[in-house]
Amino acid sequence: MPTPSHADHLEELRHRVNNRLSELAVQVAGHDAGLSEAISSSLTAGGKRLRPLLTALVCEDLGGPLAPAIDAGCAAEMVHTASLILDDLPCMDDAQMRRGQPTTHRAYGEDAAILAAIALLSGAFSTVSTLRGTDAVTRNELTKILSGAVGTRGLVAGQFRDLRSAAGAKGADPEAVNALKTGALIGASVAMGAAIARADTMRKRALADFAEHLGHAFQLYDDLLDTSGDPLVIGKDIGKDGAKATLQRQEGAAGAQVRLNQHLDAAHATLESVFGRDCRMSSALDGVFQGQAALIVRARRTEGVSLS
């Protein structure tokens, strides 16, 4: 669990992120009824805000300016939201609920959902390319980082492989899919914070290792939620992985838990090497993954695994 002082700071940062996302939603949404509502509601519906918090905390703990880091993190959140809108479409996962409300295509139609996703992607790149408080070299670096996370070396490739994967399929590699679908944008969020803070090469490499472990842990956690979470609690459909080749399907809930703990331990160790002990980022990780033990208990019961 986060320490009280860290928890207060995280809540303050999350409040600032949500306020900024509301402002950016107005800028991106435009004035066309139906489309503007689809854009605004999807971006401001809530969520953990992990990606903007990562950007802000990394930059802040490296001594960089917070305001541009929050904006860059919000750009990552716009990309993330766009990916969720597309992921939920009938041609993909055909989800009914996201962040505790009907998915964008159910509420506004598939046409508005697709266009809303495009608008959010456009808004994300507009945000980083015009970022105040940074120079042109840094803005170019941020644009390159974010675009790399989106394309065929990032979440686009990860989503395609995830959709086409099947349990037992020859050559199925869920870790590679996770690194692209989830890890790429988490890595970009961390890298943007480091870029704004002008971190040295050694720290950038260490933080890239941290982000890689975090991406794997976060996807393992999400896979476990898909089989054992409560839709009313987590705010989205479960059972959408179906016959996909996930690590949980290959190794079971107990095996996925072992992998999750290994990645979390490695992430914490890497953070300690960069920031020392008792850093706010480690505290934030504890907050994100709190309650995982109870989740795994439910997953093991679902599998029929003995808890003794």
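Quick caveat, the model's predicted, so the values are computed rather than measured.

Peer 1: Where do I start with the nonpolar core in this structure?
Peer 2: The nonpolar side chains of soluble globular proteins are, as a tendency, buried together. In terms of nonpolar packing, the biggest core is built from 82 residues, with Leu207, Phe210 and Phe289 touching the most fellow members. Residues in contact with Phe210, not counting those within four places in the same chain, are Leu54, Val190, Ala267, Thr270, Leu271, Met281 and Leu285.

Peer 1: Which parts of the structure should I look at to understand the confidence of the model for the protein?
Peer 2: When pLDDT drops low, the exact placement of atoms in the prediction is not to be read closely. With 82% of its residues at a pLDDT of 70 or more, the protein shows a mean pLDDT of 84. Ignoring residues within four places in sequence, the model shows residues 229-235, a span with pLDDT below 50, making 12 contacts including any to other chains. In this model residues 293-308 is a low-confidence stretch, pLDDT under 50, and it forms 23 contacts with partners more than four residues away in sequence or in other chains.

Peer 1: Sorry, what's going on with the environment of Ser147 here?
Peer 2: With respect to the element layout, Ser147 can be found in helix α7 (residues 136-150). In this structure the C-alpha to C-alpha distance between Ser147 and Ala124, which are 23 residues apart in sequence, comes to 9.9 Å.

Peer 1: What am I meant to see in α7 here?
Peer 2: Because an α-helix packs 3.6 residues into every turn, residues spaced three or four apart end up facing the same way. Across its 15 residues, α7 extends 21 Å between first and last C-alpha, which sits within 8% of the 21 Å expected from 1.5 Å per residue. All of the buried residues in α7 are Thr138, Leu142, Ile145, Leu146, Ala149 and Val150. Looking straight down α7, one finds its buried side chains confined to an arc of 135°; they lie on one side. Residues of α7 that are exposed and point more than 90 degrees away from the buried face comprise Val137, Asn140 and Lys144. Its buried side turned inward, α7 meets α4 (66-87), α6 (110-129), α8 (155-164) and α9 (174-196).

The rules behind each value
All residue numbers refer to position in the chain's written sequence, counted from 1. Under the rules for a predicted model, residues below a pLDDT of 70 receive no local features and side-chain atom pairs below 80 are neither given nor counted, while totals for whole chains, interfaces and linings still include all residues. Values reported for side chains reflect all heavy atoms of the structure, with hydrogen atoms and water molecules removed beforehand. Buried Ala, Val, Leu, Ile, Met, Phe, Trp, Tyr and Cys residues form a nonpolar core when they are joined through side-chain atoms within 4.5 Å. Buried residues are those whose accessible area, probed at 1.4 Å on protein chains only, stays under 20% of the maximum for their type, while exposed residues exceed 50% and partly exposed ones sit between those limits. When checking whether two residues touch, look at their non-hydrogen atoms; a contact exists if any pair is within 4.5 Å. Per-residue confidence from the predictor is given as pLDDT, running between 0 and 100. Helix numbers and strand numbers start at the N terminus; a helix is a DSSP run of H or I with at least 4 residues, a strand a run of E with at least 2. Helix span, as expected, comes to 1.5 Å for every residue beyond the first. Arc definition: it is the arc formed by the directions from the helix axis to the C-beta atoms.

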